[in-house]
Amino acid sequence: MSHPSDPPSAPRALVAAAAGDVPDDATAELQRLRAILATMSCRGRPRAPCPPPRLPFDALPPIPTETRRALEIAVLESNDRYLDTFLEPHSFCPFSRGGRQRAQTLRLVHYADTADFAPFLARIHEAARDPSKLVIQVIVPMIEVSAEAWIRFCHEATAAGNEVLRAGVGGGHDVFAVAPLHPALRYTTTNPFALIPLFRRTPDPTIQWVRLDAIERLYAGRTGDTEYVDPDHVAAFLARPRRNPLFERIAQTNMKMAQRLGIPEVERTLRELARTAQERYARVLLDDAVRVVASPGRCPHRPAPASDTSPPQPALFERDGRWALARVSELEPRVPRRFVAAEVEVVAVRIGDTIHVLHGRCPHRNAPLTDAVVEEDRLVCPHHGWDFQLASGRSEGVPGASVARFREWTDDGLLWVDDAELRAWRTTQVPVFQPGDDVL
Ligand code: FES
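Residues numbered from 1 in each chain as written. Predicted model: local features only at pLDDT ≥ 70, side-chain atom pairs only at ≥ 80, totals over all residues. Heavy atoms only, no water.

### A short note on the overall build of the protein
Counting secondary structure elements, the protein contains 12 helices and 16 strands. Counting only residues that meet the buried cut, the protein has 46% of its 440 residues in that class. Once local pairs closer than 6 in sequence are excluded, the contacts in the protein between residues at least 24 apart make up 67%. Carbon together with sulfur atoms contributes 53% to the accessible area of the protein, which is approximately 22,200 Å² in total. (Helix = DSSP H or I, 4+ residues; strand = E, 2+ residues; numbered from the N terminus. Buried < 20%, exposed > 50% of the residue type's maximum accessible area, 1.4 Å probe, protein only. Contact = heavy atoms within 4.5 Å. Areas by Shrake-Rupley, 256 points an atom, 1.4 Å probe, with all protein chains shown as cover.)

See below:
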């Protein structure tokens, strides 16, 4: 993670070039450096106006205000987990905890339901107005964007924001430096700087702006190995004694800490934080869908699917502790059918020569699983999207959720289930839903 540990960046190679063999023809070389510097984003230097950046992701669907608030809380809590369990305990960013305690860090959650850049511009304006906020993070959850596209966008957005700010609160200067944060930033272990992106793997894509004047205060009196150097002062720069710069020490310490923890383990921890965050957001949206379906007409973005109101078909007969549910030939492939045997409602699904028998009601809101769609090897309830593996009854999309899966046989052209198993299962169930409950 960058934070104020990042100095204002200028290509190291540029200074390295100056630090290397200064050619005999020093004037020509200095002219070359001047030409390069003229194209760089230095404070106070006039530049061509930046075009407004294009968003590198699709806009998210609209959601109700209360869902947006619930999502915002979930996003901030996920970010807290990243800070509390990873970044701060290992001091990967030595400025993070103090910045939070002194209220110098501002975190904003942006639900990107528009493909418009204007909200980002509004955020950077809002941030610039309060000089007590030194670090501003705009967290953009649930968008699909590659790390590379996100990095590009963060730089373009910051350039566009600084351009406007220069004319106002910046008084002719850029106000912010940027550090893009993203759960899939690429890193290598070749040196401490190449490892930095690993620590910036936040659960959600995030733009982190750091006030340049804060960075300058932090680095006042300290030297770094990357600095803005006027070509006229290159000789003096080269003559200055080198000290070990702060950000270099931080990068080295972080690398040692990551090696001690095990870099694969650090990566696994961060991946897990991102995964649990996404699961949490899915639940927030799922709860919203439940509210919407339970209150028809409240929100137009999700119409309630129709539900099967017919009663389950009684089993054909019982013999030797087994129930014959149906003739196999009457089971249409991939079409769920409900039956009742030993007072248990079950759903049967035939796929090729295999028939699966599961409990007939969705554990989420008791929808009959004849409403469900067979997708590959699972049943998907259309009401709020819970899915169940036909072979096990377990859900992959909703961890911990499942429906009971019962044994079955086919012989004499009939589908059979075990009476004792159904009865035993029934006695262990605490009924959550009553017949006639309007739960959808
Ligand atoms: S009733 Fe909600 S997912 Fe099935």
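Now that the structure has been shown, we can carry on.
### Some points on the pairing of strand β1 (residues 105-109)
Where β1 lies against strand β2 (residues 135-139), 5 bridges are found, and the strand directions are parallel. Residue pairing for β2: Arg 107 is matched across the bridge by Gln 137. On the question of chirality, the crossover connecting β1 to the parallel β2 by way of helix α5 (residues 118-129) is right-handed. (Pairing = 2+ DSSP bridges. Right-handed = clockwise from strand over helix to strand, strands pointing away.)

### A look at the packing of α5 against helix α6 (residues 147-166)
Where α5 contacts α6, the two axes come as close as 10 Å, and the packing angle between them is 55 degrees. Taken together, the axis directions place α5 and α6 in an arrangement best described as oblique. Considering only the axes of α5 and α6, their crossing is right-handed. On α6, the residues touching Phe 120, Leu 121, Ile 124, His 125 and Ala 128 of α5 are Phe 153, Thr 158, Ala 160, Gly 161, Asn 162, Val 164 and Leu 165. Along the lines of polarity and charge, the residues of the contact of α5 with α6 split into 8 nonpolar, 4 polar and no charged. (Axes fitted to C-alpha atoms, helices over the stretch in contact; angles between N-to-C directions. Parallel < 35°, antiparallel > 145°, perpendicular 65-115°, else oblique. Left-handed = near helix turned anticlockwise from the far one by under 90°. Nonpolar A, V, L, I, M, F, W, Y, C, P; charged D, E, K, R; others polar.)

### Remarks on the sheet that holds strand β11 (residues 373-375)
Pairing is antiparallel in the open sheet, where 3 strands are placed in the order β11-β12-β13. If you trace the sheet from one side to the other, it starts and ends with β11 and β13 (387-389), each paired once. Strand after strand, the sheet turns through a mean of 30 degrees between neighbouring axes, direction not considered. With 3 bridges joining them, strand β12 (residues 378-380) and β13 adopt antiparallel strand pairing. In the sheet register, Leu 379 faces β13, and the bridge partner there is Phe 388.

### Considerations on the side chain of Gln 389
Of note, Gln 389 is situated in strand β13. The contact partners of Gln 389, leaving out residues within four places of it in the chain, are Leu 358, Asp 377, Arg 378, Arg 394 and Glu 396.

### Here we look at unusual backbone geometry
Notably, Met 142 is not glycine yet its phi reads approximately 70 degrees, a positive angle. Secondary-structure assignment places Met 142 in the loop between β2 and α6. Note on Met 142: relative accessible area 25%, which makes it partly exposed.

### Points about the sheet that holds β1
Strand order in this open sheet of 4 strands is β1-β2-β4-β3, and the pairing throughout is mixed. Because the sheet does not close on itself, it has two edges, and the strands there are β1 and β3 (176-181). Going from strand to strand, the sheet's axes swing by 20 degrees on average, the running direction of each strand aside. In this sheet, strand β4 (residues 206-211) lies alongside β2 in antiparallel orientation, the contact comprising 5 bridges. Within β4, the residue paired with Gln 137 across the bridge is Gln 208. Against the sheet, helix α3 (residues 65-87) makes contact with β1 and β2, and its axis sits at roughly 135 degrees relative to β1, the strand it touches most. Contacts from α6 reach β3 and β4, with the element oriented near 160 degrees to β3.

### Section: the pattern of salt bridges
Once their charged atoms are close, side chains differing in charge can pair, the charge on each being opposite to the other. As enumerated under the stated definition, the model contains 29 salt bridges in all. Note that Glu 279 and Arg 275 form a salt bridge whose closest N and O atoms lie 2.2 Å from each other. You can see Glu 279 and its partner Arg 275 sitting in helix α11 (residues 263-294), 4 residues apart, about one turn around the helix. With relative accessibility at 41%, the residue Arg 275 sits in the partly exposed group. Of the charged contacts in the structure, one is a salt bridge between Asp 418 and Arg 407, with a shortest N-O distance of 3.5 Å. Here Arg 407 lies in the loop between β14 (405-406) and β15 (408-411) and Asp 418 lies in strand β16 (residues 414-418), a separation of 11 residues in the sequence. Under the relative-accessibility criterion, Arg 407 is labelled partly exposed at 46%. Through salt bridges with shared partners, a single network forms among Asp 80, Asp 84, Glu 88, Arg 97, Arg 100 and Arg 107. (Salt bridge = Lys/Arg side-chain N within 4 Å of Asp/Glu carboxyl O.)

### Some thoughts on the packing of aromatic side chains
Enumeration according to the criterion identifies 12 aromatic pairs in this entry. Through a chain of ring-to-ring contacts, three or more aromatic side chains come together here, namely Phe 57, Phe 117, Phe 120, Trp 150 and Phe 153. Of note, Arg 322 hangs over the ring of Trp 409, and the distance from its end group to the ring centre comes to 5.8 Å. The residue whose ring lies beneath Arg 322 is Trp 416, and the NZ or CZ to ring-centre distance is 4.4 Å. (Phe/Tyr/Trp six-rings, centres within 6.5 Å; stacked < 30°, edge-to-face > 60°. Lys NZ or Arg CZ within 6 Å of the ring centre and 35° of its normal.)

### Considering the nonpolar core
Among the nonpolar cores identified, the biggest contains 37 residues, and Phe 57, Trp 150, Phe 176 and Ile 207 are the most heavily contacted of them. Elements supplying a minimum of two residues to this core: α3, β1, α5, β2, α6, β3, β4 and α11. Ranked by residues supplied to this core, first place goes to α6 with 7 residues. Setting aside residues no more than four positions away along its own chain, Phe 57 makes contact with Ala 112, Phe 120, Val 140, Ile 143, Glu 144, Val 145 and Trp 150. Core analysis: the second largest hydrophobic core is formed by 20 residues, Ala 326, Ala 342, Ile 355 and Leu 422 among them. (Core = buried A, V, L, I, M, F, W, Y, C linked by side-chain atoms within 4.5 Å.)

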